Structure formats: structure tokens, C-alpha cells
Amino acid sequence: MSLQHYLVISAILFSLGIFAVLTRKNAISILMGIELILNSCNLNFVAFSRFVTPPENIDGQIIAIFGIVLAAAEAAVFLAIILAIYREFGSIRPDEVDTLKG
């Protein structure tokens, strides 16, 4: 596979993620869209590191691993927030949650 194949797959993942974020009403579906976007970026980092830089340079892989760790932490925090919102409002639809309490 060439670099163009990876870029096409990454563009498809990114487009699906943007579509999910913009069209879904469920907070879990929005989180899945954000994860698709992050995974497409990680795929770009690894593909460019493989095809553009010398073989001994693993900067793209290191940045991708950092991105995966960051995505896992972001998902854990987001799910904790969703649980708190569900306990307070009884729904996880972002358009139904419109008040903030201090």
C-alpha cells in the first residue's frame, strides 16, 4: 500500500467522524465521532512517518502513541461527565441539558 491509500482511508475516517459529531444527538455517538477523528489523525502521523521520513525516525509512531493515550484519557473524562449529566437530568442528549448549576 502506498501513502495515498492511507491518506484516503484517513480522509474517510475523518469525514465519518465529522458527520457523526455534527448529526448525532446522543452524547455517546458524539464521543465516537471524536474518537474517529483522533484515529484518522494518528493514522496520518504513522503513514507520514513511514513513507516520508527515514526508517530510523519513529517520531510519527511516538506521537501516535501519545495521541492514543490522550484519547483514552479524554474518553474516560467524557464518560464520567456523561454519567454525571445522566444522574442530574435523566438524559444524555446534549440538546436537553441546558442549565448549569454551581
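Reading the values: the criteria
Residues numbered from 1 in each chain as written. Predicted model: local features only at pLDDT ≥ 70, side-chain atom pairs only at ≥ 80, totals over all residues. Heavy atoms only, no water. Helix = DSSP H or I, 4+ residues; strand = E, 2+ residues; numbered from the N terminus. Buried < 20%, exposed > 50% of the residue type's maximum accessible area, 1.4 Å probe, protein only. pLDDT = per-residue confidence, 0-100. Phe/Tyr/Trp six-rings, centres within 6.5 Å; stacked < 30°, edge-to-face > 60°. Axes fitted to C-alpha atoms, helices over the stretch in contact; angles between N-to-C directions. Parallel < 35°, antiparallel > 145°, perpendicular 65-115°, else oblique. Left-handed = near helix turned anticlockwise from the far one by under 90°. Contact = heavy atoms within 4.5 Å. Nonpolar A, V, L, I, M, F, W, Y, C, P; charged D, E, K, R; others polar. Expected span 1.5 Å × (residues − 1). Polar contact = N/O pair within 3.5 Å; in protein donor to acceptor, adjacent residues only side chain to side chain.

(A) Examining the environment of L16 more closely. Relative to the helices and strands, L16 resides in helix α1 (residues 3–23). Accessibility expressed as a relative area gives 46% for L16, which makes it partly exposed. It is 22 Å that separates the C-alpha atoms of L16 and V69, two residues lying 53 residues apart in sequence.

(B) The confidence of the model for the chain, seen in detail. Taken residue by residue, the chain gives an average pLDDT of 89. The fraction at 70 or more is 97%. Averaged pLDDT values for the elements of the chain fall to 91 in helix α3 (residues 59–89) and rise to 96 in α1.

(C) Representation of the packing of aromatic side chains within the structure. Overall, the coordinates contain one aromatic pair when judged by the stated rule. Taking the centre distance of 5.8 Å and the plane angle of 45° together, the rings of Y6 and F51 count as tilted. With Y6 in helix α1 and F51 in helix α2 (residues 27–51), this pair connects stretches of sequence that are 45 residues apart.

(D) Seen up close, the packing of α1 against α2. In the contact formed by α1 and α2, the axes pass within 7 Å of each other and the chain directions differ by 165°. Relative to α2, α1 is oriented roughly antiparallel. Between α1 and α2 lies a crossing whose hand is left-handed. Listed contacts from α2 to L3, Y6, L7, I9, S10, L13, F14, L16, G17, I18, A20 and V21 of α1 are S29, I30, G33, I34, L36, I37, S40, L43, N44, A47, F48 and F51. Taken together, the residues that form the contact of α1 with α2 break down as 18 nonpolar, six polar and no charged.

(E) Fine view of α2. Under the 1.5 Å per step criterion, the end-to-end length of α2 is 36 Å for 25 residues, consistent within 8% with the ideal 36 Å. Residues A27, I30, L31, G33, E35, I37, S40, N42, A47 and S49 constitute the buried set of α2. Tucked inside the fold, the buried residues of α2 contact α1 and α3. Capping the start of α2, N26 holds a side-chain oxygen 3.1 Å from the backbone nitrogen of I28, two or three residues further along.

(F) Structural context of the side chain of S49. Structurally, S49 can be placed in helix α2. The exposure class of S49 is buried, given its relative accessible area of 7%. Here G60 takes part through its backbone nitrogen, which lies 3.5 Å from a polar atom of the side chain of S49. Looking at S49, its side chain comes within polar contact range of the side chain of Q61, at 2.8 Å.

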